[in-house]
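The primary structure of each chain is shown beneath.
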Amino acid sequence: MVRLITHNMLACHVKNCTKDNFPLVFSEVELVIRPAPENLEFIQRFLPKLDWTALVDTARSLGDTSLPETMPDQITEDQLKALHHVLMEMHIEEGNMTCRNCGHVYPISNGIPNMLLAEHEVGR
Amino acid sequence: MPLYVLRLSLEHLSFRLPSLLSISQVFGFKIKFVSEDPYRGLLVVEVAKEEDINHILERDTLIQSATELYAQGTSYEELQTELRGKLDVLKPYENSTFKFTLESTNHRVPESRAVEVIETFEFTGLKGKIRLKDPEVEFVIFEDYDWEVASTVDARYERDGKFKYVFFGRRIGFGTARHLTLSHAVKDRAYYGNTAMDALMGFLMAGQALPAPGKLIYDPFVGTGSMLYAVAHWGAYVIGSDIDGRQMRGKMKGKNVRPGILRAAAQYGTEDKFLDCLTYDVTRSPIRRGGWIDAIITDPPYGVRAGAKRLGRKEGKKPQREEPYMFPDGTYSHKRPEYLPPSRPYELANLCLDLILLARYLLVPKGRLVFFLPTVNEDWQEIDIPKVEGMRELKVGEGSVQDFGKWGRRLITMEKTAVDDGLPPTFEDHDEFDLKSGPEYLPGHHGFNKRYASGFSSRHKSQTASPASDRDPSSSEHQAAPPAKNGLEATASLAAALEKTGLAE
């Protein structure tokens, strides 16, 4: 788990960290590919919710270059399939997600990220 | 439009119609409840086509069987008169192999009379062979009795034949979702916790979220995941989060250990539907945008077994740390792997309102929020469900309640009516539930865990003046103000009762 579809929805939420806090940067990752049944209709529908640049940058940082730099106006079926692979089949099982702004490290173990804030990072 | 008789379980009656309505929503058909009293063992409904009934048989956990209705009455004479006038409905089955079955609700018909009754249907003129095993068509006669205790054989014979209604029709099929409550039984689950929802209720709740392939459903208090197995079974993608990651992971530690939630999902063949499980406090969540979740389904911890928690320190205790804590050896406490930030109780009235505000933000338009709200029955009032702009409650009659005597849990289903995402909730404690400001009214679920622990002692019985007003002169005006809802019981005594039950801090 920690699939890129979820990763694309997550930003650093440390108190007062509001700028340049997205996307979180992966490091020391253990990447596992697990084939998943395709539902391209879902991918198509989810597209407007995604931050494309963040997704492409993250996918590339993990070695997947199948997505074009900018979001295509008319998306082809092959592109939807590539998106399905990137969003649904790439799992980060171990590693870290780091905020590019404040440097907070969110560790991932057994596919579950720990995104609890420390006491002094919690706003009020 | 054709009529159908549904034979339904008499359990969880107030969940019956919402369940059928939600199934009609998922598959986009109209259903009309024709029976005058829709809470008997047999319910007559109108839908456009048999396919719709098949969806109900596949999805509804309360249905036993469905039958196309040809004739009905309060006596066999009435029923058969109607049937004689429309024998052409049987034309398509004239030469099919068939059998007749006599079924009854709240009663068991003696075998001898069943045969007699079936013989009176000879006039139907069916020419096919009678085949008791695997016939092509099964015709069913239903006798519907009022509920009554008949514990002796004599009593049973005495009331035999004194049914309220009788129906005749052709069996469409049997419910197939009922077995899910066995295959998903908590006791046989690969992984579960002590607050896991029972499988039948889990499926009834799941239905309200309108689960279907390609939908994304989120549980912000996921615990051991029991709310998600049912929605994932119907094909939805799911995401769960919890402040306590140990619940999702289970006891086993180490690399390559699969989280407990995924082990249970694998048992049900839905592991690929579990997109992610994350550890965070939903009131301090990393979610960056709204408007992308199709339904939120959750059973928030309300304190009977486990209370809800959120990050922070309890009021009146040590103040919250502003700077990280450094040990004498120069390392920071929060950098240690065993570090757990302090948490404080998350009071239920605040949690409930926050949950609705969160749904308003995260859901897509028309997305649904489904959750259980425990409440002290004596104190329950309509207005206890917070009104939030852009969200509307969906309910049938008095709503769906599971009654445990002094308390009950209420299944709340809400729909997002707003079309925008709006702003994320602030998750600050809400003033209207703050005892220090002397609230005029508190919902029946406020401070639920403490009231449960104190045996639900009434808030309203105390006659003593409010100690709260002695302590805090600013609240004295509330004492004089007319009580909002509860008749004679003054707000002051409410505060006093709260004080007594240990609710006031």
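For the structure itself, look to the data block above.
The rules we used
Numbers given to residues run from 1 along each chain, matching the order in which its sequence is written. Labels follow written order: the first chain is A, the first ligand is 1, and so on. With the structure being a predicted model, the display of local features is reserved for residues of pLDDT at least 70 and the display and counting of side-chain atom pairs for 80 or more, all residues being used for whole-chain, interface and lining totals. In DSSP terms, a helix is any run of H or I states spanning at least four residues, a strand is any run of E spanning at least two, and both are numbered starting from the N terminus. Exposure in this text rests on C-beta crowding, where 20 or more other C-beta atoms within 10 Å of a residue's own make it buried, 12 or fewer make it exposed, and counts in between make it partly exposed. The C-beta atoms are placed from the backbone. Residues are defined as contacting one another if the C-beta atoms placed from their backbone atoms lie within 7 Å. Note on terminology: a nonpolar core is any set of buried Ala, Val, Leu, Ile, Met, Phe, Trp, Tyr and Cys residues joined through C-beta atoms within 7 Å. At least two DSSP bridges between two strands are required for those strands to pair. Under the grouping applied here, Gly and all other residues not named as nonpolar or charged are polar, the nonpolar ones being Ala, Val, Leu, Ile, Met, Phe, Trp, Tyr, Cys and Pro and the charged ones Asp, Glu, Lys and Arg.

## Describing the overall build of chain B
- Tallying secondary structure elements over chain B gives 15 helices and 17 strands in all.
- By residue count, 43% of the 505 residues in chain B fall in the buried class.
- Looking at chain B alone, contacts between residues at least 24 apart form 75% of all its contacts between residues at least 6 apart.

## Looking at the nonpolar core
All names here are of chain B.
- Of all hydrophobic cores here, the largest spans 113 residues; its most connected members are Ile217, Val231, Val238, Ile296, Ile297, Ile356 and Ala359.
- The element best represented in this core is helix 11 (residues 348–362), accounting for twelve residues.
- With 34 residues, the next largest nonpolar core counts Tyr4, Leu20, Val47 and Val140 among its residues.

## A short note on the environment of Gly214(B)
- Along the chain, Gly214(B) turns up in the loop between helix 7 (199–208) and strand 8 (216–219).
- Along the sequence, Gly214(B) and Gly235(B) sit 21 residues apart, while their C-alpha atoms lie 7.3 Å from each other.
- Discounting residues that sit within four places of it in the chain, Gly214(B) has contacts with Asn39(A), Glu41(A) and Phe42(A).

## As for the sheet that holds strand 6 (residues 137–144) of chain B
Residue and element names in this part refer to chain B.
- Taken together, seven strands build an open sheet; the order of strands is 2-3-1-4-7-6-5 and the sheet is mixed. Each having just a single partner strand, strand 2 (32–33) and strand 5 (98–105) make up the two edges of the open sheet.
- Across five bridges, the pairing between strand 1 (residues 3–8) and strand 3 (residues 42–46) is antiparallel. If you follow Val5 over to strand 3, its bridge partner there is Val44.

## Some points on the pairing of strand 16 (residues 400–403) of chain B
- With four bridges joining them, strand 16 of chain B and strand 17 (residues 407–416) of chain B adopt antiparallel strand pairing. Directly across from Gln402(B), in strand 17 of chain B, lies its bridge partner Arg409(B).

## Topic: the interface of chain B and chain A
- Contacts between chain B and chain A engage 34 residues on the former and 30 residues on the latter.
- Mapped onto the side of chain B that touches chain A, the elements with two or more residues apiece are helix 9 (245–249) and strand 10 (274–279) of chain B.
- Residue classes in the side of chain B that touches chain A are distributed as 17 nonpolar, seven polar and ten charged.

## Section: the environment of Arg131(B)
Residues and elements named next belong to chain B.
- One can find Arg131 in the loop between helix 4 (111–119) and strand 6.
- Sequence separation of Arg131 and Thr97 is 34 residues, and the distance between their C-alpha atoms is 5.9 Å.
- Residues contacting Arg131, with those up to four places away along its chain left out, are Thr97 and Lys99.

## Here we look at the sheet that holds strand 2 (residues 90–98) of chain A
Residue and element names in this part refer to chain A.
- The strand order across the open sheet built from four strands is 1-2-3-4, with neighbouring strands paired in antiparallel fashion. Across the chains shown, the open sheet's two edge strands, defined by having one partner strand only, are strand 1 (25–33) and strand 4 (112–113).
- Strand direction decides the pairing type here: strand 3 (residues 105–109) and strand 4, joined by two bridges, are antiparallel. Across the sheet, Ile108 pairs through a bridge with Pro113, a residue of strand 4.

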